[in-house]
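Residue-level structural notes
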Amino acid sequence: DGETDALVVSTPPSPPGIQSATRVATEGTTRHTKEMDAVMTAYGRGGTLGGMCAAALVTLFVFLPASAGGKGFVLFSWHPALMAFSYLGLMGGGMLAYVAPPVQKKASRESHRALQILAAVVAALGLTAIVLNKLKMGKSVIPHTKHALVGAASLVGLVLQVFVGLSKYNETLRRGFSGFKFHGNAGRLTYALGAAAICLGLVAVFQSWLLWVSILVTVVTSILVMLVSVRVYPGGSAFGFRYVN
């Protein structure tokens, strides 16, 4: 009659055993993802809190000797205190903002931006304190020690990162995505340089057990922050690490 019957291909239902296995696998993946999100969020908060505690400890160790010596809050003391809060506290917290679950990415982006801008402001105040102190004492403000050179490199990196970060942020708002894929690793390098500068500075300030306690806290905190920022966290064994994809 000239008409062609449509060929209907139906897919037979999966056997109950396969359906059950698929459901169990899906539930296991979901549970694993939630557990990993919870672990990473906990480590992110712990790293941020640890950074602030480390900054507070360094500040306490810097101001106590000056106060005990009857010098009060000398201008120089504000330099290590502000730098410690800038790098160990604020910048570290900004790096860990993206450790939160993916559904919170917009809020994480805003937290990252705010904390890193604030870190730059506090670092600028710390730099101002040491420059004013050197001028007051008639010393050169040109970096020449290991601490000053590494610190200057970290500050240059911080300034560049702020401009790149703001460009990345604006491009993301405008286009929904952005380039500057190097921004994250460059930020970690800047943070590492800042932590190294803090340690070098502590060597010049302390000559007692305060030196080793401060350096230990700074090193442990910075390593934890950098590991968690790339989604690697301690676990699995006493000295093991796991990577969370």
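Described below are features of the structure shown in this document. (Residues numbered from 1 in each chain as written. Predicted model: local features only at pLDDT ≥ 70, side-chain atom pairs only at ≥ 80, totals over all residues. Heavy atoms only, no water.)

1. Structural notes on the nonpolar core
If you look at the biggest cluster of nonpolar residues, it comprises 26 residues, and the most contacted ones within it are Y87, L88, M91, L155, L158, Y191 and L202. At the level of secondary structure, the elements contributing two or more residues to this core comprise α1 (16-68), α2 (78-95), α3 (105-137), α4 (146-175), α5 (183-205) and α6 (209-229). The biggest single contributor to this core is α2, with 8 residues. If we ignore the near neighbours within four places in the chain, the residues touching L88 are G51, M52, A54, A55, M83, Y191, I198 and T218. (Core = buried A, V, L, I, M, F, W, Y, C linked by side-chain atoms within 4.5 Å. Buried < 20%, exposed > 50% of the residue type's maximum accessible area, 1.4 Å probe, protein only. Helix = DSSP H or I, 4+ residues; strand = E, 2+ residues; numbered from the N terminus. Contact = heavy atoms within 4.5 Å.)

2. Some words on a nonpolar patch on the surface
A grouping of L75, W78, L132, L135, V141 and I142 is seen on the molecular surface, where their side chains present a nonpolar patch of about 540 Å² in accessible area. Assessed through its relative accessible area of 39%, V141 is described here as partly exposed. (Patch = residues over 30% accessible without salt bridge, like charges linked within 9 Å, V, L, I, M, F, W, Y side chains within 5 Å. Areas by Shrake-Rupley, 256 points an atom, 1.4 Å probe, with all protein chains shown as cover. Salt bridge = Lys/Arg side-chain N within 4 Å of Asp/Glu carboxyl O.)

3. Considerations on the environment of K134
Among the structural elements, K134 can be located in helix α3. Residue K134 is classed as partly exposed on the basis of its relative accessible area of 25%. Note: C-alpha distance between K134 and L75 (59 residues apart in sequence) is 9.8 Å. Not counting residues up to four positions away in its chain, the partners in contact with K134 are K139, S140 and V141.

4. Re the layout of surface pockets
Here the second largest pocket is characterised by a volume of approximately 780 Å³. Of all the secondary structure elements, the ones that give two or more residues to the lining of the second largest pocket are α1, α2, α3, α4 and α5. Tallied by class, the residues present in the lining of the second largest pocket amount to 21 nonpolar, 10 polar and 2 charged. (1 Å grid on protein atoms, 1.4 Å probe; cavity = no way out; pocket = protein on both sides within 12 Å on 5 of 7 lines; lining within 4 Å. Points joined across faces, edges and corners; volume = space filled by probe spheres on them. Nonpolar A, V, L, I, M, F, W, Y, C, P; charged D, E, K, R; others polar.)

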